[in-house]
Amino acid sequence: MAAEGKGVLLKADPIANTFRDEIKSALSSSPRPPKLVGILATNSAPSKFYSEFTKKQCDALGVEFVLRRVGAAADESLAPGEGVEEAIIEANEDDSVDGIMVYYPIFGVQQDHYLQQIVSPFKDVEGLHFKFHYNLYHNIRFLNPKTLASSLPATSDAPAAVNDEPPAGYVKSILPCTPLAIVKCLEYMCVYNKILPYGDRAYGKTVTVINRSEVVGRPLAALLANDGARVFSVDIDSIQEYTKRPRQSAEERKYHPRHVVHPTTLSLQECLALSDVVVSAVPSAEYKVKTAWLKDGCVCLNVAADKNFEADVREKASVYMPTIGKVTIMMLLRNL
């Protein structure tokens, strides 16, 4: 509970528990426990922790989890990442494997992106395959499973989303786990307005996302903008604005079917002063979002392994979530 004059410190447990119950219900009707293979290729402490956490959650739910150690994770004399491509291919070809996750980073952005495309889209529980990213950025929410076998991205004949349920013959397009977990946290906190039409329930909210990686920041900015929010995407050397509402006259109320990106001249301080929600995912213990720059009553979510907010963040924030890891792993397990 919040102390007098302070915002609420919200833990991930009550949100994760909602999805844990959903997963348990789905598993109870499954003919066999699904099998998830995790591939650990480095000695990175966060990756090792995440692999152990994944196993713990899988064991608790009755999901079969197999951790495959390769490279430096298997033998310190080996290089980080050595054998990881072969391990992915082997898991792709194993019919007993339902899902694959790889603990990144391994080599760096470009080579890791290559590895993400090797994982079969039929077994990608992290939503990192280009087909799923294409759908996310183009606001295509459902797909025909048959199209996953094609090397081409989805076409414009995908059905429009009028609610959260896919039409007959379609399934939900998988979304990256961490951005989806953040959206689910915001829904729990009622940042999303359920009175508004599906696909526009973040309308009226301004959000700053600090980080523009292809794993967290950029897809999150796109997700929120596609749901109607005005989003400032902050990276080391630039700030961009994501929105699906065009820059036209006040009389023009129509909006784009998906978000568009504009440069902005606003500073980070100016973005934060406008923002109802602030999400920070900077992989640095030194980086801190200044509490003095926050809008009174905003919602703050820390997604980094280190705390990106100052200790007094709840003096300004109405709700502060210091970690969302438990929700993220639930999103991953839902994709099995």
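Calculation criteria
Residues numbered from 1 in each chain as written. Predicted model: local features only at pLDDT ≥ 70, side-chain atom pairs only at ≥ 80, totals over all residues. Heavy atoms only, no water. Helix = DSSP H or I, 4+ residues; strand = E, 2+ residues; numbered from the N terminus. Rg over C-alpha atoms; globule rule 2.2 N^0.38 Å. Contact = heavy atoms within 4.5 Å. Pairing = 2+ DSSP bridges. Right-handed = clockwise from strand over helix to strand, strands pointing away. Buried < 20%, exposed > 50% of the residue type's maximum accessible area, 1.4 Å probe, protein only. Core = buried A, V, L, I, M, F, W, Y, C linked by side-chain atoms within 4.5 Å. Salt bridge = Lys/Arg side-chain N within 4 Å of Asp/Glu carboxyl O. Axes fitted to C-alpha atoms, helices over the stretch in contact; angles between N-to-C directions. Parallel < 35°, antiparallel > 145°, perpendicular 65-115°, else oblique. Left-handed = near helix turned anticlockwise from the far one by under 90°. Nonpolar A, V, L, I, M, F, W, Y, C, P; charged D, E, K, R; others polar. Phe/Tyr/Trp six-rings, centres within 6.5 Å; stacked < 30°, edge-to-face > 60°. Lys NZ or Arg CZ within 6 Å of the ring centre and 35° of its normal.

Trainee: Can you help me understand the overall build of the protein in this one?
Mentor: The number of helices and strands found in the protein is 9 helices and 13 strands. A compact globule built from 336 residues should have a C-alpha radius of gyration of about 20 Å, and the protein, at 20 Å, falls within 12% of that. Its C-alpha atoms give the protein principal-axis dimensions of roughly 55 × 45 × 40 Å. Here the contacts in the protein between residues at least 6 apart in sequence split such that 62% fall between residues at least 24 apart.

Trainee: Is there a simple way to think about the pairing of strand β3 (residues 64–69) in this case?
Mentor: Here is the key point about a regular strand: its side chains alternate between the two faces of the sheet. Summarising the sheet, strand β2 (residues 35–40) and β3 pair through 6 bridges and their orientation is parallel. Bridging from a neighbouring strand, Ile-39 pairs with Arg-68 of β3. Considered for its hand, the β-α-β crossover made up of β2, helix α2 (residues 45–61) and β3 is right-handed.

Trainee: When you look at helix α5 (residues 130–137) in this model, what are you seeing that I'm missing?
Mentor: Taken across its 8 residues, α5 has 6 buried, putting it largely inside the fold. Among the residues of α5, Lys-131, Phe-132, His-133, Asn-135, Leu-136 and Tyr-137 are the ones counted as buried. Lining the buried residues of α5 we find β5 (142–143) and α7 (217–226). Positive backbone phi, approximately 55°, marks Asn-139, located one or two places after α5.

Trainee: How should I be thinking about the nonpolar core in this particular structure?
Mentor: Side chains of nonpolar character tend, in soluble globular proteins, to be buried together. Counting residues in hydrophobic clusters, the biggest one holds 58 residues, and the most contacted among them are Leu-186, Met-189, Leu-224 and Leu-301. Counting residues per element, this core draws most heavily on helix α6 (residues 177–188), at 7 residues. Filtering out sequence-adjacent residues up to four positions away, Leu-224 remains in contact with Val-183, Leu-186, Tyr-192, Ala-202, Val-207, Val-209, Ala-229 and Val-231.

Trainee: Help me understand the pattern of salt bridges in this model?
Mentor: Close approach of charged atoms allows side chains of opposite charge to pair. Counted according to the given criterion, the structure contains 13 salt bridges. Among the ionic pairs, Glu-22 bridges to Arg-334, the shortest N-O distance being 3.0 Å. Note that Glu-22 is positioned in helix α1 (residues 13–28) and Arg-334 in helix α9 (residues 325–334), a separation of 312 residues in sequence. A relative accessible area of 37% means that Glu-22 is categorised as partly exposed. Between Lys-55 and Asp-59 there is a salt bridge, and its shortest N-O distance comes to 3.2 Å. Within this pair, Lys-55 and its partner Asp-59 are both found in helix α2, separated by 4 residues, close to a single helical turn.

Trainee: Just checking my understanding: could you explain the packing of α2 against α9 for this structure?
Mentor: If you want to describe how two helices pack, look at the angle between their axes and the distance between the axes. Packing of α2 against α9 brings their axes to within 11 Å, and their N-to-C directions diverge by 60°. Between α2 and α9, the angle falls in the class oblique. Like other packed secondary-structure pairs, α2 and α9 cross with a definite hand, here right-handed. Contact with α2, carried on its side by Tyr-50, Phe-53, Thr-54, Gln-57, Cys-58 and Leu-61, involves Gly-325, Lys-326, Thr-328, Ile-329, Met-330, Leu-332 and Leu-333 of α9 and no other residues of that element. For the contact of α2 with α9, the class distribution of residues is 8 nonpolar, 4 polar and 1 charged.

Trainee: What exactly am I supposed to notice about the sheet that holds β2 here?
Mentor: Two modes of strand pairing occur in sheets, parallel and antiparallel, and in both the strands are linked by backbone hydrogen bonds. Ordered by their spatial adjacency, 3 strands build an open sheet running β3-β2-β4, and the pairing between neighbours is parallel. Here the strands that pair on one side only, and so sit at the sheet edges, are β3 and β4 (99–102). When strand polarity is set aside, the average angle formed by the axes of neighbouring strands in this sheet is 20°.

Trainee: What's the story with the packing of aromatic side chains in this structure? I'm lost.
Mentor: Aromatic rings considered in pairs are described by the distance between their centres and by the relative angle of their planes. What the rule picks out here adds up to 3 aromatic pairs. Note on Phe-309 and Tyr-320: the rings are 5.7 Å apart at their centroids and 70° apart in plane angle, and the pair reads as edge-to-face. Separated by 11 residues along the polypeptide, Phe-309 in the loop between β12 (299–302) and β13 (319–321) and Tyr-320 in strand β13 bring together distant segments of the chain. Both residues of the pair, Phe-309 and Tyr-320, count as buried. One residue, Arg-218, lies across the ring of Tyr-137, its end atom 4.1 Å from the ring centre. Above the face of the Tyr-203 ring, Arg-245 is positioned so that its terminal group lies 3.7 Å from the ring centre.

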